[in-house]
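Residue-level structure breakdown
The primary structure of each chain is shown beneath.
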Amino acid sequence: EEEVVVVGYLERLQEMSIVETEPGKGSFICTAPPESLGPQASALLLLGSVTDRDLFDFRLAIESYAAYFAARNINAENAGELTASLEEMRRTKDSVETSKEFLSANYRFHKELVKLSGNQMYIILYNTMNDMLNQLVQSSPYSADSTHQSYREHYEIYQAVVSHDSERALLLERQHLNRLRKRRYGEA
């Protein structure tokens, strides 16, 4: 009976990315931090009273400071995905036919800002709500004016980040998300 309890604990620790088990070798504490809090945390969020306004507020708090820290951490070796997502946004911004690709690149841009922050808590929390955040971005209706404005805003954020202007990156990210919040809810 004790063995069943221990196996149950090990399975829980594996689900939480605290322990990894290698067949024939044993169980070991993970050396890398988990990428997310796991599906259980996401399920709890979905079952709770999390609204898309809550997600916008979360994004505003996390992504603004993520942009700030990304500007401090970016270099030639780690800028590739941010640059690629901005280029994809530029390439797909002009047509409703490519709007899904634009929104996907938009999402990747923000996710990469969080990754570039280097803050493990930002990354873990952002990844935990990954699906909900992606649905929030993907649910934005296409508008040529809005898409072009969004691209310009992302370009300005990108410029601030790659020039290591952390204060400007934070301000621009906050303004960008506040504009989206106002458009969606009529409030800043």
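Here the structure is shown first, and the text comes after it.
The structure reproduced in this document is the subject of the present report.

What about the nonpolar core?
Core analysis: the biggest nonpolar cluster contains 21 residues, and Leu 82, Phe 109, Leu 113 and Val 161 have the highest contact counts within it. Broken down by secondary-structure element, the contributors of at least two residues to this core are helix 3 (52-73), helix 4 (80-92), helix 5 (99-117), helix 8 (144-162) and helix 9 (166-185). No other element matches helix 5, which puts six residues into this core. Discounting residues that sit within four places of it in the chain, Leu 113 has contacts with Ala 66, Ala 67, Ala 70, Leu 82, Ile 157, Val 161 and Glu 173. Core analysis: the second largest hydrophobic core is formed by eleven residues, Leu 55, Phe 58, Tyr 107 and Met 129 among them.

Describing the packing of aromatic side chains
The tally for this structure, following the rule as stated, stands at five aromatic pairs. Ring pairing ties together the aromatic residues Tyr 65, Tyr 68, Phe 69 and Tyr 122, which thus form one cluster. A cation over a ring is seen here: Arg 59 above Phe 56, with NZ or CZ 5.9 Å from the ring centre. Positioned above the aromatic ring of Tyr 151, the side-chain terminus of Lys 93 is 5.7 Å from the ring centre.

Comments concerning unusual backbone geometry
In this structure, His 164 is a non-glycine residue whose phi angle is positive, near 65°. By the element assignment, His 164 lies in the loop between helix 8 and helix 9.

Focus on the packing of helix 3 against helix 5
Between helix 3 and helix 5, whose axes approach to 7 Å, the crossing angle comes to 60°. Overall, the two elements helix 3 and helix 5 adopt an arrangement that is oblique. Both helix 3 and helix 5 take part in a crossing whose hand is left-handed. Residues Arg 59, Ile 62, Glu 63, Ala 66, Ala 67, Phe 69, Ala 70 and Asn 73 of helix 3 form the contact with helix 5, whose own contacting residues are His 110, Leu 113, Val 114, Leu 116 and Ser 117. Here the residues of the contact of helix 3 with helix 5 are counted per class, giving eight nonpolar, three polar and two charged.

Parameters and conventions
Residues numbered from 1 in each chain as written. Predicted model: local features only at pLDDT ≥ 70, side-chain atom pairs only at ≥ 80, totals over all residues. Heavy atoms only, no water. Core = buried A, V, L, I, M, F, W, Y, C linked by side-chain atoms within 4.5 Å. Buried < 20%, exposed > 50% of the residue type's maximum accessible area, 1.4 Å probe, protein only. Helix = DSSP H or I, 4+ residues; strand = E, 2+ residues; numbered from the N terminus. Contact = heavy atoms within 4.5 Å. Phe/Tyr/Trp six-rings, centres within 6.5 Å; stacked < 30°, edge-to-face > 60°. Lys NZ or Arg CZ within 6 Å of the ring centre and 35° of its normal. Axes fitted to C-alpha atoms, helices over the stretch in contact; angles between N-to-C directions. Parallel < 35°, antiparallel > 145°, perpendicular 65-115°, else oblique. Left-handed = near helix turned anticlockwise from the far one by under 90°. Nonpolar A, V, L, I, M, F, W, Y, C, P; charged D, E, K, R; others polar.

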